[in-house]
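Summary of the model geometry
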Amino acid sequence: MPKVLVSDPIDQAGLDILSQVAQVDVKTGLSNEELVQMIPEYDALMIRSGTRVTQEIIEAGNQLKIIGRAGVGVDNVDVPSATRKGIVVVNSPEGNTIAAAEHALAMMLSLSRYIPDANHSVKNGKWDRKSYVGAEVYKKTLGIVGLGKIGSHVAAAAKALGMKLLAYDPFISLERADHLGCRLVDMDLLFRESDYITLHIPKTSETANLINAEAIAKMKPTVRIINCARGGIIDEAALADALREGRIGGAALDVYENEPLEADSPLRSLGKQAILTPHLGASTAEAQINVAIDVAEQIRDVLLGLPARSAVNIPGLYPDALEKLRPYLQLAENLGNLVGQLAGGRVELLNVRLQGELADNNSQPIVVAALKGLLSQALRERVNYVNASIEAKERGIRIIETRDGSIRDYTGSLHLEAKGALGDHSVTGALLGDGEIRITDIDEFPINVPPTHHMLFTRHRDMPGIIGKIGSLLGSFNVNIASMQVGRKIVRGDAVMVLSLDDPLPEGILAEIMKVPGIRDAYTVML
Ligand SMILES: NC(=O)c1ccc[n+]([C@@H]2O[C@H](COP(=O)([O-])OP(=O)(O)OC[C@H]3O[C@@H](n4cnc5c(N)ncnc54)[C@H](O)[C@@H]3O)[C@@H](O)[C@H]2O)c1
Ligand SMILES: O=C(O)CC[C@@H](O)C(=O)O
């Protein structure tokens, strides 16, 4: 019988499902070392946010087939290490949506009426009514940053409370925002006009410290900020200073840069204008049952040799089909990610063309893989092979599929065209004989480069000296170039340059590149 280790508190409903097919051991509060020692005998690991599944644990998990996260965020799992080891990582993308949205709403109302402090004062024998004169949310403006699953539910409830809604989400269509009664605006306007700001975004390199001293300086002095998303999106020191100096009206936080929150954090000494909860967004009986059942069913299925429905890292396909398509799925995901970034988000239309031998294949998994790549900038680990199509539909992305078996440059190639905030862009890619991926065309300019983690693309005039200038500029910022390619159609006409970089581009360098004579456009891309 397979063995499942459950290393965080999980609802009994999930344990009952696992017990149908496996021996289940519940052992919570284990250290990293204890987990490394114990994991070799287990086929599956089920966790919440309390267990950090490190590379060390994954490497020791020689029997491990699946890691199940009873919740949304898999930021406590080293997913790349699991993928490399062929371990499926699954989550529950929707099981705690309502719980988290309701927690954010409870925080907003509690902040407005100082409920935690007032409660504390009565319980301490006082009857102080003067200190707790609050504010109404009716007719106030709520700025929602991130209009995904939780943000959308918050929007619907806040609308019912009579609030005016602004939203910032670069990956959501105007129609979707409109449908939710939100005015889609840029971040600056949201900061300036909101009476309440609530965050419902993942923590990424773009959202880390999004609410910092500079952002706070743009906000109303009465603004109340709510973060039930992820720690690290708010600069906690800047927030504590602003609250202490009365530069903002209040803040309610459920998540922190470091969890548990440090004993000496400046947030702990703030008064009634701050509410702190210990990552309780998903802590409702209902959500815990939902996520436990959702993830336990997936672990059971995988242990029985069936596909998982919410795999974060591996498509929910049967093993035979998966094996055959795997290299093309990776190609489609890379190209989707690339074209999405070149098109600048807010993609309205994705055209997927299967070329050469690829045209004879079932296109559906390839389209899904392209969508997964396209949406991964916005949704990170929340997008998977199961939900990519639904997420794309909800974002109003139209998909056109075509096939052209007559194109024979490579045995099989894939061409994607996307229409987004930065206009129309296209990429083509193929697999070489050894299965290696090549990007063979960008915006109709022929190139031949492998996808790498950090890339820089330019559109420029083909003229002497330009390549040298970009090279020296990158050198002066200590960025190492791994490879470089120029594609052009005619001599001294328009050209593209593609650079694979060993290091991420530091802030400000794109503006410098744009100043180089002859450069028309420059984009950085992370794959
Ligand atoms: N406190 C808790 O216990 C708890 C519980 C569940 C979820 N969460 C967190 O809540 C957050 C939202 O979850 P969700 O299920 O709604 O996710 P989701 O993927 O459905 O929505 C996230 C939205 O953020 C948008 N987005 C991405 N990058 C952005 C950016 N730079 N600027 C603005 N918008 C951006 C995406 O387009 C998407 O619409 C996540 O961080 C999740 O981990 C916390
Ligand atoms: O396990 C928890 O309670 C945290 C859940 C939440 O942050 C999530 O990402 O789903």
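With an unreviewed UniProt entry as reference, the protein is termed D-3-phosphoglycerate dehydrogenase, source organism Oscillatoria acuminata PCC 6304. The Sequence similarities (unreviewed entry) field of the UniProt record for the protein holds the comment "Belongs to the D-isomer specific 2-hydroxyacid dehydrogenase family." Among the UniProt annotations of the protein, the heading Function (unreviewed entry) holds the following wording: "Catalyzes the reversible oxidation of 3-phospho-D-glycerate to 3-phosphonooxypyruvate, the first step of the phosphorylated L-serine biosynthesis pathway. Also catalyzes the reversible oxidation of 2-hydroxyglutarate to 2-oxoglutarate."

1. Structural notes on the site of ligand 2
Near ligand 2 you find R48, S49, R69, G71, V72, G73, N96, R230, H279 and A282, and these make up its full shell. At 2.8 Å, a side-chain N or O of R48 approaches an oxygen atom of ligand 2. For ligand 2, an oxygen atom lies 2.6 Å from a polar atom in the side chain of R230. A total of 300 Å² of accessible area belongs to ligand 2 in isolation, and the protein chains cover 93% of it. When the residues that make up the shell around ligand 2 are grouped by side-chain class, the tally is two nonpolar, five polar and three charged.

2. What about the packing of aromatic side chains?
Counted according to the given criterion, the structure contains one aromatic pair. On the basis of an interplanar angle of 50 degrees and a centroid distance of 6.5 Å, the ring pair of Y114 and Y132 is categorised as tilted. Here the residue Y114 occupies a position in the loop between α5 (97-113) and α6 (115-123), and Y132 occupies one in the loop between α6 and β6 (141-145), the gap between them amounting to 18 residues. The pair Y114 / Y132 is uniform in exposure class, with both members buried. One cation-aromatic arrangement involves K3 over Y42; the distance from NZ or CZ to the ring centre is 5.0 Å. The ring centre of Y114 lies 4.8 Å from the NZ or CZ of K272, which sits over that ring.

3. Here's the deal with the pattern of salt bridges
Here the structure, examined in full by the defined rule, presents 23 salt bridges. Here D494 ties to R520 by a salt bridge, and the two come within 2.7 Å at their closest N and O atoms. With D494 in strand β21 (residues 494-501) and R520 in strand β22 (residues 519-526), the pair connects residues that are 26 residues apart, well separated along the chain. A relative accessible area of 28% means that D494 is categorised as partly exposed.

4. Points about the domain arrangement of the protein
Per the domain assignment, the segments making up the protein are domain 1 (3-94 + 286-304), domain 2 (96-276), domain 3 (317-451) and domain 4 (453-526). Placing a centre on the C-alpha atoms of domain 1 and another on those of domain 2 gives a separation of 32 Å. Across the boundary between the two partners, domain 1 contributes nine residues, which contact five residues of domain 2. By the criterion of area lost to domain 2, the three top residues of domain 1 are D75, E94 and A287, representing 55% of everything that side buries. Run the count over domain 1 and domain 2 and you get one salt bridge. Residue D75 pairs with R230 through a salt bridge whose shortest N-O separation is 2.7 Å. Our count for the domain 1 to domain 2 interface comes out at three residue pairs in polar contact (both at pLDDT 80 or more). Among the residues making up the side of domain 1 that touches domain 2, the classes are represented as four nonpolar, two polar and three charged.

About the thresholds
Residues numbered from 1 in each chain as written. Chains lettered and ligands numbered in written order. Predicted model: local features only at pLDDT ≥ 70, side-chain atom pairs only at ≥ 80, totals over all residues. Heavy atoms only, no water. UniProt positions renumbered as here; feature names shortened; annotations may be inferred. Near = heavy atom within 4 Å. Polar contact = N/O pair within 3.5 Å; in protein donor to acceptor, adjacent residues only side chain to side chain. Areas by Shrake-Rupley, 256 points an atom, 1.4 Å probe, with all protein chains shown as cover. Nonpolar A, V, L, I, M, F, W, Y, C, P; charged D, E, K, R; others polar. Phe/Tyr/Trp six-rings, centres within 6.5 Å; stacked < 30°, edge-to-face > 60°. Helix = DSSP H or I, 4+ residues; strand = E, 2+ residues; numbered from the N terminus. Buried < 20%, exposed > 50% of the residue type's maximum accessible area, 1.4 Å probe, protein only. Lys NZ or Arg CZ within 6 Å of the ring centre and 35° of its normal. Salt bridge = Lys/Arg side-chain N within 4 Å of Asp/Glu carboxyl O. Domains from an automatic or database assignment. Contact = heavy atoms within 4.5 Å. Buried area = accessible area lost by both parts, 1.4 Å probe.

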